[in-house]
Amino acid sequence: MKWLHKDLLDVSQLSRPEVMAIFETAGRFQELQERPVKKVPTLKGRSVILFFAEPSTRTKTSFDVAGKRLSADTFSLTKSSSSLIKGETLKDTALTLQAMAPDAIVMRHWCSGAARFLSRRVECSVINAGDGRHAHPTQALLDSFTLHQEWGEVAGKTILILGDIAHSRVARSNVLLLTMLGARVRLCAPRTLLPPAARSWPVTVYSDLNEAVRGVDAVMCLRLQLERQQDGLLPDLREYARTYGLGPRHVELARPEVKILHPGPINRGVEINSELADCADSLILDQVSSGVVVRMALLFLYMTRKGEM
Ligand code: CP
């Protein structure tokens, strides 16, 4: 398959065969992670700018590791280390970065649509590492890749996405991708943390966690985005943890060996019981490992616009 896309702004741009090509490429890079020397010269001489205007541990570091393992030169820019804090606009930032002729820019920004804005102003590939509440395509790809590795097939499985859906770009991208791959998706959240648009998504919506979790194959807990809460949406954190925090009694209602996912960072004891986050059926750290190989696959495909190694 020849890779035709310049940018990755959301998973809606991808077809099922393209998602499978990303998984296949990531699967081949997985073998590299087990070698003593984890580096190949595939992207030698190419450069990637990691422009993160919001905090990140997993996404930024895994793109950095991914780029370096492919021998690309990676350059980091954060909000506090950039001229954004001096009032420089995103347009001028885009033109400035473009003038340095990178092969790709990976961007996280607090505004929905920021990645699209950037992609229209630069010639290089833009990979969206999270824009406002809109999308987090690389997270959704690594989540589905993790489940695909675990089960061999996501189609036919029932996956519950639980928690702060209103503020979650992870939930939006995951609903698109999981349904495209043939999974049945359930959402569970308090009414104040459920966007009205969710009622028209191809999902089943629950407000009672005991009902929502019954018979599911996997639960994806979402981080409660305390920094994005508006007054009145969440009057009592302890009440939220009691009603919507995933605990052992919920897991008993799900299918045996139900898989637990969380994009991180975790608020332990709020959206998920701490022991459950560390249990044998938790895939949380597998998600992090998948993040490296999926992002290696994406850098390879987008920076070479090839589909074969
Ligand atoms: N899941 C995720 O995007 O984590 P970071 O904010 O640490 O990158």
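Residues numbered from 1 in each chain as written. Predicted model: local features only at pLDDT ≥ 70, side-chain atom pairs only at ≥ 80, totals over all residues. Heavy atoms only, no water.

Asks: What should I look at first to understand the sheet that holds strand E1 (residues 47–52) in this one?
Replies: Two pairing modes exist for strands in a sheet, parallel and antiparallel, and in both the strands are linked by backbone hydrogen bonds. With parallel pairing, 4 strands are arranged side by side in an open sheet as E2-E1-E3-E4. Across the chains shown, the open sheet's two edge strands, defined by having one partner strand only, are strand E2 (73–78) and strand E4 (125–131). Between one strand axis and the next, the sheet turns through 15° on average, direction left out of account. Inspection of the sheet shows E1 paired to strand E3 (residues 104–109) by 5 bridges, in the parallel sense. When the sheet's bridge partners are listed, leucine 50 is paired in E3 with valine 106. Docked against the sheet, helix H2 (residues 58–69) engages E1, E2, E3 and E4, running at close to 160° with respect to E2. Docked against the sheet, helix H11 (residues 284–304) engages E1, E3 and E4, running at close to 145° with respect to E4. (Pairing = 2+ DSSP bridges. Helix = DSSP H or I, 4+ residues; strand = E, 2+ residues; numbered from the N terminus. Axes fitted to C-alpha atoms, helices over the stretch in contact; angles between N-to-C directions. Contact = heavy atoms within 4.5 Å.)

Asks: I would appreciate a short explanation of the pattern of salt bridges in the present structure.
Replies: Between side chains of opposite charge, a pair can form when the charged atoms approach closely. Across all of its chains, the model carries 11 salt bridges by this definition. Notably, a salt bridge pairs aspartate 281 with lysine 259, separated by 2.8 Å at the nearest N-O pair. One end of the pair, aspartate 281, is in the loop between helix H10 (274–277) and H11; the other, lysine 259, is in strand E9 (residues 259–261), with 22 residues separating them in the sequence. Residue classification places aspartate 281 among the partly exposed residues on the basis of a relative accessible area of 23%. (Salt bridge = Lys/Arg side-chain N within 4 Å of Asp/Glu carboxyl O. Buried < 20%, exposed > 50% of the residue type's maximum accessible area, 1.4 Å probe, protein only.)

Asks: I keep staring at the packing of aromatic side chains and nothing clicks. Help me out?
Replies: Centre-to-centre distance and the angle between the planes together describe a pair of aromatic rings. Under the counting rule described, the total for this entry stands at 4 aromatic pairs. Between the aromatic rings of phenylalanine 23 and phenylalanine 145, the centroid separation amounts to 5.6 Å while the plane-to-plane angle is 65°, which identifies the pairing as edge-to-face. With phenylalanine 23 in helix H1 (residues 16–33) and phenylalanine 145 in helix H5 (residues 137–151), the pair connects residues that are 122 residues apart, well separated along the chain. With relative accessibility at 0%, the residue phenylalanine 145 sits in the buried group. Between lysine 157 and the ring centre of tryptophan 151, over which it is positioned, the NZ or CZ distance is 4.9 Å. (Phe/Tyr/Trp six-rings, centres within 6.5 Å; stacked < 30°, edge-to-face > 60°. Lys NZ or Arg CZ within 6 Å of the ring centre and 35° of its normal.)

Asks: How should I be thinking about the nonpolar core in this particular structure?
Replies: Counting residues in each nonpolar core, the largest one holds 63 residues, and the members touching the most others are Ile22, Val106, Leu141, Ile161, Leu178, Leu187 and Leu299. Both of domain 1 (11–135 + 290–304) and domain 2 (137–287) provide at least three residues apiece to this core. Each residue touching valine 106, except ones within four places of it in the same chain, is listed here: Val48, Ile49, Leu50, Phe51, Phe52, Phe63, Ile127, Ala129 and Leu299. Core analysis: the next-biggest nonpolar cluster, separate from the first, contains 23 residues, Leu160, Ala212, Val213 and Leu276 among them. (Core = buried A, V, L, I, M, F, W, Y, C linked by side-chain atoms within 4.5 Å. Domains from an automatic or database assignment.)

Asks: Honestly, the side chain of glutamate 18 in this entry has me stumped. Any pointers?
Replies: Note that glutamate 18 resides in helix H1. Within the local environment of glutamate 18, its side chain forms a polar contact with the backbone nitrogen of serine 15, the two atoms lying 2.9 Å apart. Not counting residues up to four positions away in its chain, the partners in contact with glutamate 18 are Met1, Trp3, His5 and Gln13. (Polar contact = N/O pair within 3.5 Å; in protein donor to acceptor, adjacent residues only side chain to side chain.)

Asks: Explain the packing of H1 against H5 here, please?
Replies: If you want to describe how two helices pack, look at the angle between their axes and the distance between the axes. Across the interface, H1 lies against H5 with an axial gap of 11 Å and an inter-helix angle of 70°. Between H1 and H5, the crossing angle belongs to the class labelled roughly perpendicular. For H1 against H5, the interelement crossing comes out right-handed. Residue-level contacts link Val19, Met20, Ile22, Phe23, Ala26, Gly27 and Gln30 of H1 to Leu141, Ser144, Phe145, His148 and Gln149 of H5. (Parallel < 35°, antiparallel > 145°, perpendicular 65-115°, else oblique. Left-handed = near helix turned anticlockwise from the far one by under 90°.)

Asks: Would you mind showing me how to read the UniProt feature "binding site: carbamoyl phosphate" (unreviewed entry) in the protein here?
Replies: Listed under "binding site: carbamoyl phosphate" (unreviewed entry) in the UniProt record, and renumbered for this structure, are Arg58, Thr59, Arg108, His136, Gln139, Gly264 and Pro265. Among the annotated residues just listed, those that line the largest cavity are Arg58 and Gln139. Following the sequence through the fold, threonine 59 ends up in helix H2. In this structure threonine 59 comes out as buried when scored by relative accessible area, which is 3%. Excluding residues that lie within four positions of it along the chain, threonine 59 makes contacts with Phe52, Arg108, Ala129, His136, Thr138 and Arg295. (UniProt positions renumbered as here; feature names shortened; annotations may be inferred. 1 Å grid on protein atoms, 1.4 Å probe; cavity = no way out; pocket = protein on both sides within 12 Å on 5 of 7 lines; lining within 4 Å.)

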